[in-house]
Amino acid sequence: MSALICGSFAYDTIMVFHDHFKNHILPEQVHILNVSFLVPDLRREFGGCAGNIAYNLNLLGGQGAPMGTVGTDFQPYADWMDEQGIPRDHLKVIDGEYTAQAYITTDQDDNQITAFHPGAMNHSHLNAVSDAQGITLGLVSPDGRQGMIEHAEQFAEADIPFIFDPGQGMPMFDGADLLRFAEQATWLAFNDYEAKLMTERTGKTIEALADRVEAIIVTRGGEGSSIYTGKDVIEIPSARAASLEDPTGCGDAYRAGLLYGLQNDMDWKTTGRIASLMGAIKIEHAGTQNHHFTLDEFRARFHQTFDYHI
């Protein structure tokens, strides 16, 4: 199965605050919030949901092509994709725009404050699912609002099963929008906070929403994840990480594991564990595309972690 991964490409400027946000933000004073964080560590990375997911799926040996809109400053990222063997056939350069930019500050509790400039991402609707040939699996991840709406419609109209993963794009949609996505999608993916927003905005429980799709995947960081398939809930343990370097991009690594499992007709128990291990490997490295492994190395670690083979 070949996956089309619709979503953002971005340059991530990642800063580390060597303290805790909670020590500097007074709840009773948030209406006059004026804080400054000293960030001794700063780096600029290649990121964006589609870019990160495609990178991780490529590491696993999965078949996937990202689709997104980028700015005139994209060339360094394009060179990196070429080095990694990630196809760029479905990237569209938007004249007069910057590639999306994320400015992420992380504290010692792994909490994050992010400022995001969408730039070229706002034009994502200029791409169409029909532009890609031979696609049998899709993913709609955070992107421009209209692009997410149209790409979900296009996957549904083409009868291509896809994951709807709203992520940071959740605030752009009301309950009616989210219910429409749930009707169109084959699978839904959220972190635990996004899952709560989904239930609040739609007025539906996760169990009720799970009746509309084949599965809902809810990640809970170090507490593992849950996969709701109708009336069954499959609990996926978290994979032990050797170190906790940077949580940025862990969700994207997890999504790549989901795509890999779906492409290879694996059961949810195995698919969820592949996804969990991908997140653990990512969190051990700073940045979203700086981890590397061979497929043999991944299989060996999977066996060591979960005590069975893939």
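Read on for an overview of the structure.

What counts and how
Residues numbered from 1 in each chain as written. Predicted model: local features only at pLDDT ≥ 70, side-chain atom pairs only at ≥ 80, totals over all residues. Heavy atoms only, no water. 1 Å grid on protein atoms, 1.4 Å probe; cavity = no way out; pocket = protein on both sides within 12 Å on 5 of 7 lines; lining within 4 Å. Points joined across faces, edges and corners; volume = space filled by probe spheres on them. Nonpolar A, V, L, I, M, F, W, Y, C, P; charged D, E, K, R; others polar. Pairing = 2+ DSSP bridges. Helix = DSSP H or I, 4+ residues; strand = E, 2+ residues; numbered from the N terminus. Axes fitted to C-alpha atoms, helices over the stretch in contact; angles between N-to-C directions. Contact = heavy atoms within 4.5 Å. Expected span 1.5 Å × (residues − 1). Buried < 20%, exposed > 50% of the residue type's maximum accessible area, 1.4 Å probe, protein only. Arc of directions from axis to C-beta. Parallel < 35°, antiparallel > 145°, perpendicular 65-115°, else oblique. Left-handed = near helix turned anticlockwise from the far one by under 90°. Phe/Tyr/Trp six-rings, centres within 6.5 Å; stacked < 30°, edge-to-face > 60°. Lys NZ or Arg CZ within 6 Å of the ring centre and 35° of its normal.

**A closer look at the layout of surface pockets**
At step 1: Quantified by volume, the second largest pocket comes out at close to 180 Å³.
At step 2: Forming the boundary of the second largest pocket are 13 residues, of which Val16, Thr106, Asp107, Asp110 and Glu245 lie nearest the centre.
At step 3: When grouped by side-chain class, the residues that make up the lining of the second largest pocket number five nonpolar, three polar and five charged.

**A word on the sheet that holds strand β8 (residues 137-140)**
At step 1: Reading across the sheet, the nine strands line up as β5-β4-β1-β8-β9-β10-β11-β12-β13 and stay open at both edges, with mixed pairing between neighbours. This sheet does not close on itself; its edge strands, each paired only once, are β5 (90-93) and β13 (232-236). Put simply, the sheet's adjacent strands are angled 15 degrees from each other on average, direction ignored.
At step 2: Strand direction decides the pairing type here: strand β10 (residues 187-191) and strand β11 (residues 215-219), joined by five bridges, are parallel. Across the sheet, Phe190 pairs through a bridge with Val218, a residue of β11.
At step 3: Against the sheet, helix α7 (residues 250-263) engages β1 (3-6), β8, β9 (162-164), β10, β11 and β12 (225-229), with an angle of about 160 degrees to β8.
At step 4: On top of the sheet, helix α8 (residues 268-283) reaches β10, β11, β12 and β13; it is set at about 35 degrees to β13, its chief contact.

**Points about the sheet that holds strand β2 (residues 10-16)**
At step 1: Spatial ordering of the open sheet is given by β3-β2-β6-β7, a layout of four strands whose pairing is mixed. Across the chains shown, the open sheet's two edge strands, defined by having one partner strand only, are β3 (41-47) and β7 (112-117). Between one strand axis and the next, the sheet turns by 20 degrees as a mean value, whatever way the strands run.
At step 2: Pairing between β2 and strand β6 (residues 100-106): seven bridges, direction parallel. Across the sheet, Thr13 pairs through a bridge with Tyr103, a residue of β6.

**Describing helix α9 (residues 295-306)**
At step 1: Taking 1.5 Å as the rise per residue, α9 with 12 residues should run 16 Å; its terminal C-alpha atoms sit 16 Å apart, in good agreement.
At step 2: Of all the residues in α9, the buried ones are Phe298, Phe302 and Phe306. Axial view of α9: buried residues confined to an arc of 40 degrees, hence all on one face. Among the exposed residues of α9, those pointing more than 90 degrees away from its buried face are Asp296 and Gln304.
At step 3: Check the buried side of α9 and you find it contacts α1 (49-60) and α8.
At step 4: With its phi angle positive at about 65 degrees, Asp307 sits one or two positions after the end of α9.

**Some points on the packing of α1 against α7**
When two helices pack together, their arrangement is given by the angle between their axes and by how far apart the axes lie.
At step 1: The geometry of α1 relative to α7 is characterised by a closest axis approach of 8 Å and an angle of 50 degrees between their N-to-C directions. In this view, α1 runs oblique relative to α7, as classed from their interaxial angle. The two elements α1 and α7 meet at a crossing, and its hand is right-handed. Taken together, the residues of α7 that come into contact with α1 (itself represented by Cys49, Asn52, Ile53, Asn56, Leu57 and Leu60) are Asp252, Ala253, Arg255, Ala256, Gly257, Leu259, Tyr260 and Gln263.
At step 2: Counted by class, the contact of α1 with α7 contains eight nonpolar, four polar and two charged residues.

**With respect to the packing of aromatic side chains**
At step 1: On inspection of all chains with the given rule, the structure shows 17 aromatic pairs.
At step 2: Summarising the aromatic geometry, the rings of Tyr11 and Tyr77 are spaced 6.1 Å apart at their centres and angled 50 degrees between planes, so their arrangement reads as tilted. Taken as a pair, Tyr11 in strand β2 and Tyr77 in helix α2 (residues 75-84) lie far apart in primary sequence, 66 residues in all. Of the two residues, Tyr11 and Tyr77, both sit in the buried class.
At step 3: Ring geometry for Phe17 against Phe21: centres 5.8 Å apart, planes inclined by 10 degrees, an arrangement best described as stacked.
At step 4: In this structure Phe17 comes out as buried when scored by relative accessible area, which is 6%.
At step 5: The ring of Tyr11 has Arg44 lying over it, and the distance from NZ or CZ to the ring centre is 4.2 Å.
At step 6: Of note, Arg180 hangs over the ring of Phe181, and the distance from its end group to the ring centre comes to 5.7 Å.

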